[in-house]
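# Structural features, examined
Chain by chain, the residues:
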Amino acid sequence: VGIDRFYPVDLKLAGGSAPSTVGLGWLAEKGFRTVLDLRDASRIDSAFIAEASRRGLRYVSCPTDLAKLDAGQVERFSAELALDAARPLYFFDDDGRAAGALWYVRRVLTDKVAWALARREADLALRHERPDSGDYYVAKLGTFAVRRAA
């Protein structure tokens, strides 16, 4: 379908890796309205944005740096996900790692979901073979919580 990692997190919300042109077409065919791009602006090709628009998709850039994750990034991500008019919405980065990490942080801090459930969801979203992938999210949440408290 043109998307290496695609994980539905609810009826009108999915996350994963960056879609190809074919993937953008598939998203449009499936009724998605918005694509939320978590990649750094320097990694985004203007042709990709134009193709999303041509397919009738609302394109939103929300650059996320996991090494410097802060409350503003999580709040912007959460705000976009909360817009009913934007759904169905697909959020993504190059390989799905930032998408999974942001979903994990949002689920724990905003939705108040148990960290073990959020970790399983994030692991599924990434489909990691790494046995320590859950630890990755726990570390990201800890790093974010420390920054948030400062």
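These notes cover the structure that comes with them. Here the structure is a predicted model, which is why all the values come from computation and not from measurement.

## Things to note about the environment of R54
Along the chain, R54 falls in helix α2 (residues 46-54). Counting along the chain gives 29 residues from R54 to G25, while the straight-line C-alpha distance between them is 9.6 Å. At 2.9 Å, the side chain of R54 forms a polar contact with the side chain of E51.

## Section: the pattern of salt bridges
Per the counting criterion, the structure on display carries nine salt bridges. A salt bridge links R39 to D37; its shortest N-O distance comes to 2.8 Å. Given a relative accessible area of 10%, R39 falls into the buried group. Residue R55 is joined to E51 by a salt bridge in which the shortest nitrogen-to-oxygen separation is 2.7 Å.

## Section: helix α4 (residues 97-109)
Compared with the 18 Å implied by 1.5 Å per residue over 13 residues, the 18 Å span of α4 between its first and last C-alpha is a close match. Burial of α4 is extensive: eleven of the 13 residues sit out of reach of the surface. Three or more residues of α4 are buried, namely A98, A99, G100, A101, L102, W103, Y104, V105, R106, R107 and V108.

Procedures and definitions
Residues numbered from 1 in each chain as written. Predicted model: local features only at pLDDT ≥ 70, side-chain atom pairs only at ≥ 80, totals over all residues. Heavy atoms only, no water. Helix = DSSP H or I, 4+ residues; strand = E, 2+ residues; numbered from the N terminus. Polar contact = N/O pair within 3.5 Å; in protein donor to acceptor, adjacent residues only side chain to side chain. Salt bridge = Lys/Arg side-chain N within 4 Å of Asp/Glu carboxyl O. Buried < 20%, exposed > 50% of the residue type's maximum accessible area, 1.4 Å probe, protein only. Expected span 1.5 Å × (residues − 1).

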